[in-house]
Amino acid sequence: MRIKIMLVLFPLLFALFLLGCEKKKPMPQIPEVSVIKIDTEEILLTTELPGRTSPYKIAEIRPQVSGIILKRYFTEGSNVKSGEVLYQIDPAQYKTAYDNAKAALSRAEANLQSVKAKYERYQELIKVNAISKQEFDDVKAQYEQTLSEIEALKAQVRNAQINLGYTKITAPISGRIGKSNVTEGALVTAYQAQELTRIQQLDPIYVDIPQSTKELRELERRLEEGRLKYAGKEQNKVKLILEDGTAYPIEGTLQFKDVTVDPTTGSVTLRAIFPNPKGILLPGMFVRAVIREGINKKAILVPQQVVFRDTKGNPFVYVVDKENKVQIRPIQVDRAIGDRWLVSEGLQSGEQVVIEGVQRIMPGAQVKPVPYAEQNKEQSR
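This structure is a prediction, so every number in the text was calculated from the model and none was measured. (Residues numbered from 1 in each chain as written. Predicted model: local features only at pLDDT ≥ 70, side-chain atom pairs only at ≥ 80, totals over all residues. Heavy atoms only, no water.)

(A) Geometry of helix 2 (residues 92-127). Helix length check: helix 2, at 36 residues, gives a terminal C-alpha distance of 53 Å against a target of 52 Å (1.5 Å per residue), a fit within 8%. Regarding helix 2, the residues found buried are Y94, Y98, A101, A104, L105, A108, L112, V115, Y119 and Y122. For helix 2, the elements touching its buried residues are helix 3 (133-166). Looking one or two residues beyond helix 2, the residue adopting positive phi is N129, at roughly 60°. (Helix = DSSP H or I, 4+ residues; strand = E, 2+ residues; numbered from the N terminus. Expected span 1.5 Å × (residues − 1). Buried < 20%, exposed > 50% of the residue type's maximum accessible area, 1.4 Å probe, protein only. Contact = heavy atoms within 4.5 Å.)

Okay, here's the thing in structure tokens:
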């Protein structure tokens, strides 16, 4: 009898045991993810382009008269001032030519006195018909010819004086002078091909910056569409990064944009001018110029760790929608600014983007969004 009772109760007890086990089984939990809320901010956009320095002024020193160099007055590599004498060419023959021209002018001016007196007497005689018309015309022609000769001789004197002055070769500009290509005793000729030396003005100094026409047109289009605003008086300010990565301490000013496109590179040249009081910038240096594009008043910046890429390299983020479900959102990124991406398309202000917990989610899954800790947010920036 007992055996029969046990056989009846055992299945009931086993069923109750299984029912109890099912009640104790834990319910699946909704994963938590850390999210950041998208917001817009105002930022100044810049472009970093390669550039090369060039002198503000260059003077190639060449002789304007021929002769022997008697002396060099400057020290190579030093600073010279405008008007300072650099070389002395032997002036002997030019001094002689000047003296001869002055002497010829003096003879002509002395002869003018007698010719002028004779002409004035004939003017009175012709009035009373004391001389013939032909005699008067001859004296008048002689007087006018003498005046013309004097003017020609004066021009010869000025020319001889100029050539004599050219024997002292002076600096046309202030700046740093280079090495001398001639020494004392060298024969030089007027307007020769080889320069005697070169002077370069380095304060201020130019920086020439090539920019592709494609980039230039894209910038103009964004300004026209209103996506970028001019930065006012600061729009033309330019910063420099030197070859060793350090920042040049003084800002420069954008002077102009060339209108001619280089056919080999498809770029135009931007020219900026920089103060160079300490001579840090030297001609021919390669630098990086930071040019201001404009102000984006509704920029969307996200930490770089929230952006992923698919197998084709296209960027995307995980977005939590209003129903707390995960969506994959393709986006377009413009550039990196610090450790954040500037998003040009795909996100709007107020949306939530997953920054932590991505490994626990999948598209369409229900999640519990938790605001990203403020201190971590600051660290991500």
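(B) Spatial organisation of the pattern of salt bridges. If you walk through the whole model with that rule in mind, you get 14 salt bridges. Of the charged contacts, one joins R335 and D334 as a salt bridge, the two residues approaching to 2.6 Å between their closest N and O atoms. The network of salt bridges with shared partners includes E60, R62, E195 and R198. (Salt bridge = Lys/Arg side-chain N within 4 Å of Asp/Glu carboxyl O.)

(C) Inspection of the environment of Q194 at higher detail. Here Q194 lies in the loop between strand 8 (187-188) and strand 9 (197-212). On the basis of relative accessible area, Q194 is assigned to the partly exposed category, the value being 46%. On a C-alpha basis, the gap between Q194 and R62 in space is 7.4 Å, while along the polypeptide they are 132 residues apart. Setting aside its immediate chain neighbours within four residues, Q194 contacts R62 and N181.

(D) Local environment of the sheet that holds strand 6 (residues 168-170). With respect to topology, four strands assemble into an open sheet ordered 6-5-3-8, the strand pairing being antiparallel. Because the sheet does not close on itself, it has two edges, and the strands there are strand 6 and strand 8. The pairing of strand 5 (residues 85-89) with strand 6 spans three bridges and is antiparallel. Its bridge partner being in strand 6, V85 is matched across the sheet by T170. (Pairing = 2+ DSSP bridges.)

(E) Examining the side chain of T167 more closely. Mapping T167 onto the fold places it in the loop between helix 3 and strand 6. Not counting residues within four places of it along the chain, the set of residues in contact with T167 comprises V65, Y87, Q88, I89, D90, P91 and Y94.

(F) Region of interest: the packing of aromatic side chains. Enumeration according to the criterion identifies six aromatic pairs in this entry. Each ring, one from F74 and one from Y87, has its centre 5.4 Å from the other, and the planes form 85°; the classification is edge-to-face. Taken together, the residues span a long stretch of sequence, with F74 in the loop between strand 3 (67-72) and strand 4 (79-80) and Y87 in strand 5 at a distance of 13 residues. For the pair F74 and Y87, one class covers both residues: buried. For the ring pair F316 and Y318, a centre distance of 5.7 Å and an interplane angle of 85° mean the geometry is edge-to-face. Taking relative accessible area as the criterion, F316 reaches 12% and is therefore assigned buried. (Phe/Tyr/Trp six-rings, centres within 6.5 Å; stacked < 30°, edge-to-face > 60°.)

(G) Molecular detail of the environment of Y191. Along the chain, the position of Y191 falls in the loop between strand 8 and strand 9. Looking at Y191, the relative accessible area reads 57%, which means it is exposed. Sequence spacing of Y191 and Q64 is 127 residues, and the spatial spacing of their C-alpha atoms is 5.5 Å. Apart from residues no more than four positions distant in its own chain, Y191 is found in contact with P63 and Q64.

(H) Fine view of the environment of E251. With respect to the secondary-structure elements, E251 resides in the loop between strand 10 (237-241) and strand 11 (252-257). Each C-alpha atom of the pair E251 and P275 lies 8.0 Å from the other, and the pair is 24 residues apart in sequence. Side chain to side chain, E251 and R292 meet in a polar contact 3.1 Å long. (Polar contact = N/O pair within 3.5 Å; in protein donor to acceptor, adjacent residues only side chain to side chain.)

(I) A look at the side chain of N276. Tracing the backbone through its elements, the reader meets N276 in the loop between strand 12 (267-274) and strand 13 (286-303). Within the local environment of N276, its side chain forms a polar contact with the backbone nitrogen of I280, the two atoms lying 3.1 Å apart. Here N276 is in contact with L202, D203, P204, I205, Y248 and L281, once residues within four sequence places are set aside.

(J) Representation of the pairing of strand 11. Bridge count for strand 10 against strand 11 is two bridges, and the pairing is antiparallel. Looking at the pairing, K237 lines up with T253 of strand 11. Where strand 11 meets strand 12, four bridges bridge the pair, whose relative direction is antiparallel. Following the sheet pairing, K257 is matched in strand 12 by L270.

(K) Region of the structure containing the nonpolar core. V80, L86, Y87, V182 and I199 are the most contacted members of the largest nonpolar core, which has 37 residues in total. Those elements giving two or more residues to this core turn out to be strand 2 (40-61), strand 5, helix 2 and helix 3. Counting residues per element, this core draws most heavily on helix 2, at 10 residues. Sequence-distant contacts of V182, that is, excluding residues within four places in its chain, are made with I69, Y87, V188 and L196. One finds I209, V238, L242 and A272 within the second-largest nonpolar core, a separate group that totals 17 residues. (Core = buried A, V, L, I, M, F, W, Y, C linked by side-chain atoms within 4.5 Å.)

(L) Region of the structure containing the pairing of strand 18 (residues 340-345). Here strand 13 runs beside strand 18; their pairing, made up of four bridges, is antiparallel. Directly across from L301, in strand 18, lies its bridge partner L342. Bridge count for strand 17 (residues 332-337) against strand 18 is five bridges, and the pairing is antiparallel. Looking at strand 18, one finds that Q332 is bridged to E345. Counting the residues in the hairpin turn of strand 17 and strand 18 gives two residues, including G338, whose phi is positive at 65°.

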